[in-house]
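Observations on the three-dimensional arrangement
The residues making up each chain are set out below.
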Amino acid sequence: MLSAIVFFPLISAGIILVLLRDARQIKVFALAVTVLELALAIAIFVVFRVEDYNVVDNMELVEDVSWIAALDIRYHLGVDGLSVPLVLLTALLGMCAAFASWSVTHRVKEYFVWLLVLQTAVTGVFVSLDAVLFFIFWELELLPMYFLISIWGSGRREYSAMKFIIFTLLGSAFMFVGILALYFSTGTFNLVELQGVEGARLLLPAGAIFAFLFIGFAVKLPVWPVHTWLPDAHTDAPTAVSVMLAGVLLKMGGYGMIRLAVGMFPGRAQEYAWLLAVLAIISVLYGAVVTIRQTDLKRLVAFSSISHMGYVLLGIASVVGAGGVVNAVGLTGAAMQMFTHGTITGLLFLVVGLVYEKAHTRHIPDMGGLASNMPVIAVVFLLAGLASLGLPGTSGFVSELLVFLGTFEVWGWITALAVFAIVLTAGYILWMLQRAFFGPQLPRFAGVGDTTALEAVPMVALVAAIMVVGVYPAVVSDVFALGLEPIVTSLQQGAVP
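The following paragraphs examine the structure supplied in this document. Note that the coordinates shown come from a computational prediction; the quantities given were computed from them, not determined experimentally.

Thresholds applied
Residues numbered from 1 in each chain as written. Predicted model: local features only at pLDDT ≥ 70, side-chain atom pairs only at ≥ 80, totals over all residues. Heavy atoms only, no water. Helix = DSSP H or I, 4+ residues; strand = E, 2+ residues; numbered from the N terminus. Rg over C-alpha atoms; globule rule 2.2 N^0.38 Å. Buried < 20%, exposed > 50% of the residue type's maximum accessible area, 1.4 Å probe, protein only. Contact = heavy atoms within 4.5 Å. Areas by Shrake-Rupley, 256 points an atom, 1.4 Å probe, with all protein chains shown as cover. Lys, Arg positive; Asp, Glu negative; His and termini not counted. Charge placed at Lys NZ, Arg CZ, Asp CG, Glu CD. Expected span 1.5 Å × (residues − 1). Axes fitted to C-alpha atoms, helices over the stretch in contact; angles between N-to-C directions. Left-handed = near helix turned anticlockwise from the far one by under 90°. Nonpolar A, V, L, I, M, F, W, Y, C, P; charged D, E, K, R; others polar. Salt bridge = Lys/Arg side-chain N within 4 Å of Asp/Glu carboxyl O. Polar contact = N/O pair within 3.5 Å; in protein donor to acceptor, adjacent residues only side chain to side chain. Pairing = 2+ DSSP bridges.

**A look at the overall build of the chain**
Helices and strands together make up the secondary structure of the chain, namely 19 helices and two strands. For the chain, the C-alpha radius of gyration of 22 Å lies close to 23 Å, the compact-globule estimate for 497 residues. For the C-alpha atoms alone, the extent of the chain along its principal axes is close to 70 × 55 × 45 Å. The burial tally for the chain puts 62% of its 497 residues in the buried class. If you take every contact in the chain between residues at least 6 apart in sequence, the share linking residues at least 24 apart comes to 81%. Of the roughly 17,400 Å² that the chain leaves accessible, carbon and sulfur atoms contribute 69%. Each charge sign in the chain was given a centre, from 22 positive and 29 negative side chains, and these centres are 13 Å apart.

Here it is in structure tokens:
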């Protein structure tokens, strides 16, 4: 079942490349593929919640076949409560990206091939239980992202695509060194067996391997000061690519931190939690302050992602525990923030793309009164903005509340500063909405139209996800909590000296 959800988009990309010629036919086929992929992801999510199926080492739907026997590299897939919601998120945003790509007219075949390959790569990261397989999928994502930005992007697209590649490859190099050090120390690439490995005799100090892994994932999250690739990539990427980049690619960093860095080295995570907390609050406040100064809609949302992903790192920093007792709430909040940020920011980029397509500008000072001609887009933008600043009843409120509750006893003042960042978030979100959509309508926007039925489909899907999780968060939070149990247990057992 997991092989199907991983490779279905890749096989479909091959069909498009070899058999399809007509642009409309390619678009319809790609839409159908992503809808079926979402249906399969929902089925996996339901199976995971309803019953235990092929459970091995707390993993479900396990597929384990020898791949390179001489090195004990295996084709090893599985999901738990940490990964299965992210698989669902990837499928949901993949479908939204396909709908957002309907207006693509340039090199349509290649575009959808790369988009589907990207979906395979990201899904593969979340289900891989072999370190080499994990790394292959991690690196596979670079190729489609580079071409999607450099060919179908705008502005300084070649510069932004190359900057993305350089930063990510540099981070990947650190991560790969950490993976090799683990293999040479233990003789295995099995991510399940490597959980809590810091107690073993290692080739390098546990703190050094933890640092190598953390750097690789920090670049992807991204964490200040290795964040500068993100605003450029977002600004120059096409709408669908921004949706995928903000929605799921950043989550690969948070997932890797929790699964590999914290899961394998709980003692080192507790030892360096203060540093994680400091980097987190810098990212939160820096991202919020810089966002206030932005005049480009897309760049504004991009910098806001740096701030909001800082909450993920802050939740991870709560692993140090108060009084020696590890509180799982903060870690669950970090996982929830990954999911909710994916839907909220994916929706924001989707709506920004529609505004640019219809108004032909993203420069906020040049806008005004767009709500008169774009009532549906304006309402959706307002909802996404309010969810981003954590309005109760939306998913953004749930994740931020869990992070704050989980970290306050450990990092009181840092948590207080993070709460203050919500005020900054409210400032730039409300200013942006008021300036772009409300007030007197400018004459040049008199003929601007609203969303079409096709454009409304992904917006409705993401709004539904935001509201459902906001009203009944247990549908996702309980799953995350279940997946984090083994990691929390290893943290509670105490740090290894």
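**Looking at helix 4 (residues 108–127)**
The end-to-end C-alpha separation of helix 4 is 29 Å, in line with the 28 Å expected for 20 residues at 1.5 Å each. In terms of residue burial, helix 4 counts as a mostly covered element, since 19 of its 20 residues are buried.

**A few points about the packing of helix 9 (residues 229–236) against helix 10 (residues 239–264)**
Remark: helix 9 packs on helix 10, axes separated minimally by 8 Å, with the N-to-C direction vectors making an angle of 145°. Contacts between helix 9 and helix 10 involve Trp229, Leu230, Ala233 and His234 on the former and, on the latter, Ser242, Leu245, Ala246 and Leu250.

**Topic: the packing of helix 15 (residues 375–388) against helix 18 (residues 453–471)**
Relative to each other, helix 15 and helix 18 sit at 30°, their axes nearing to 11 Å. Considering how the two elements wind past one another, helix 15 and helix 18 form a crossing that is left-handed. On helix 18, the residues touching Val376, Val380, Leu383 and Ala387 of helix 15 are Met459, Val463, Ile466 and Met467. Grouping the amino acids of the contact of helix 15 with helix 18 by side-chain chemistry returns eight nonpolar, no polar and no charged.

**A short note on the side chain of Asp130**
With respect to the helices, strands and loops of the structure, Asp130 is situated in the loop between helix 4 and helix 5 (131–140). Despite being buried, Asp130 has no salt bridge partner; Arg74 is the closest side chain of opposite charge, sitting 6.7 Å away. In terms of polar contacts, Asp130 uses its side chain to reach the backbone amide nitrogen of Arg74, at 3.2 Å. Once you skip the residues sitting within four places of it in the chain, Asp130 turns out to touch Asp72, Ile73, Arg74, His76, Phe189 and Leu191.

**Considering the environment of Phe8**
Residue placement: Phe8 occurs in helix 1 (residues 2–19). For the pair Phe8 and Pro231, spaced 223 residues apart in the sequence, the C-alpha separation amounts to 31 Å. When neighbours within four sequence positions are excluded, Phe8 is seen to be in contact with Ser3, Val33, Leu36 and Glu37.

**Remarks on the environment of Ile258**
The topology assignment puts Ile258 in helix 10. By relative accessible area, which is 0% here, Ile258 ends up buried. Taking C-alpha positions, Ile258 is 9.7 Å from Phe214, a pair spaced 44 residues apart along the chain.

**Description of the pairing of strand 2 (residues 73–79)**
Taken residue by residue, a regular strand's side chains alternate between the two faces of the sheet. Across the seven residues that make up strand 2, a large majority, six, are buried. Note that strand 1 (residues 60–68) and strand 2 share six bridges and pair antiparallel. In the strand pairing of strand 2, Ile68 is matched with Ile73. Remark: four residues form the turn of the hairpin made by strand 1 and strand 2, two consecutive strands paired antiparallel; Asp72 in that turn has positive phi of roughly 55°.

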